[in-house]
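Observations on the three-dimensional arrangement
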Amino acid sequence: QVQLVESGGGSVQAGGSLRLSCAASGSILSIRTMGWYRQAPGKQRELVATISSSRSTNYADSVKGRFTISRDNAKNTLYLQMSSLKPEDTAVYYCNADVLSTSYFTYNHWGQGTQVTVSS
């Protein structure tokens with residue numbers, strides 16, 4: 001089994017910063033693409049940013065220049081540094097990962113989510 005556990009969410013004023021972390025654990029051989037998604041109340045879950053195993057990154061237009069995704073492969077941990085936060089960034093942020101397990105199958109996993117609230 002594989003678990004993704006997010007941390008680092010919280011409440012911040014507009015213009016502030018937060019850093020999210022996502023630690024993967026369990027029967028892991030390697031982790032391929034990892035990403036952050038978010039879901040605001042009444043809206044569909046949307047992609048925020050992804051990072052490949054070779055650290056190639058992709059960002060939603062709404063967060064480009066403000067958010068930075070990174071990963072530590074040795075620690076199986078994903079990060080999202082969020083700066084210049086806006087009220088519209090308020091959402092539950094989810095970690096996602098494609099994990100090659102010790103059974104040699106690749107499965108897609110989601111974390112439980114962490115709340116980010118930005119006040120104006």
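What this report covers is the structure whose coordinates are included nearby. (Residues numbered from 1 in each chain as written. Predicted model: local features only at pLDDT ≥ 70, side-chain atom pairs only at ≥ 80, totals over all residues. Heavy atoms only, no water.)

Topic: the pairing of strand 5 (residues 46–51)
Both faces of the sheet carry side chains from a regular strand, because those side chains alternate between them. The test is simple: The pairing criterion is simple: DSSP has to find at least two bridges between the two strands. The secondary structure listing takes helices from DSSP runs of H or I that are at least 4 residues long and strands from runs of E that are at least 2 residues long, numbered from the N terminus.
As defined by bridge partners, strand 4 (residues 28–39) adjoins strand 5 across 5 bridges and the pair is classed as antiparallel. Bridging across to strand 5, Trp36 finds its partner in Ala49. Between strand 4 and strand 5, which pair antiparallel and follow one another directly, the connecting turn spans 6 residues, one of which, Gly42, has a positive phi of 75°. Here strand 5 runs beside strand 6 (residues 57–59); their pairing, made up of 3 bridges, is antiparallel. Bridged to Thr50 within strand 6 is Asn58. In textbook terms, the turn of a hairpin is the stretch between consecutive antiparallel strands, and for strand 5 and strand 6 this stretch comprises 5 residues, one of which, Arg55, has a positive phi near 70°.

Some points on the sheet that holds strand 3 (residues 18–26)
The line we're drawing: An axis is simply a line fitted to the C-alpha atoms; with a helix, the fit covers only the stretch in contact. Between two such axes, the angle follows the N-to-C directions and lies from 0 to 180 degrees.
The antiparallel open sheet is built from 4 strands, whose spatial order is 1-3-8-7. The strands lining the two open edges of the sheet, one partner per strand, are strand 1 (2–7) and strand 7 (67–72). If you compare each strand with its neighbour and ignore which way they point, the axes differ by 15° on average. Pairing of strand 7 with strand 8 (residues 77–82) involves 6 bridges; the strand directions are antiparallel. Bridged to Ile69 within strand 8 is Leu80.

Focus: the packing of aromatic side chains
Centre-to-centre distance and the angle between the planes together describe a pair of aromatic rings. The cut-off we apply is this: Ring geometry is summarised as follows: Phe, Tyr and Trp rings, the Trp one being its six-membered ring, pair when their centres sit within 6.5 Å, and such pairs are stacked at plane angles under 30 degrees, edge-to-face over 60 and tilted between the two. For every residue, the accessible area (1.4 Å probe, protein chains only) is compared with the maximum for its type, and the residue is labelled buried under 20%, exposed over 50%, or partly exposed between those bounds.
Evaluated as defined, the whole model comprises 3 aromatic pairs. Between Tyr94 and Trp110, the ring centres sit 6.4 Å apart and the planes meet at 85°, which makes this aromatic pair edge-to-face. On the criterion of sequence distance, the pair formed by Tyr94 in strand 9 (residues 91–101) and Trp110 in strand 10 (residues 106–110) is long-range, its members being 16 residues apart. With relative accessibility at 14%, the residue Tyr94 sits in the buried group. For Trp110, a relative accessible area of 38% translates into the label partly exposed.

The values are spatial; any link to function lies outside them.
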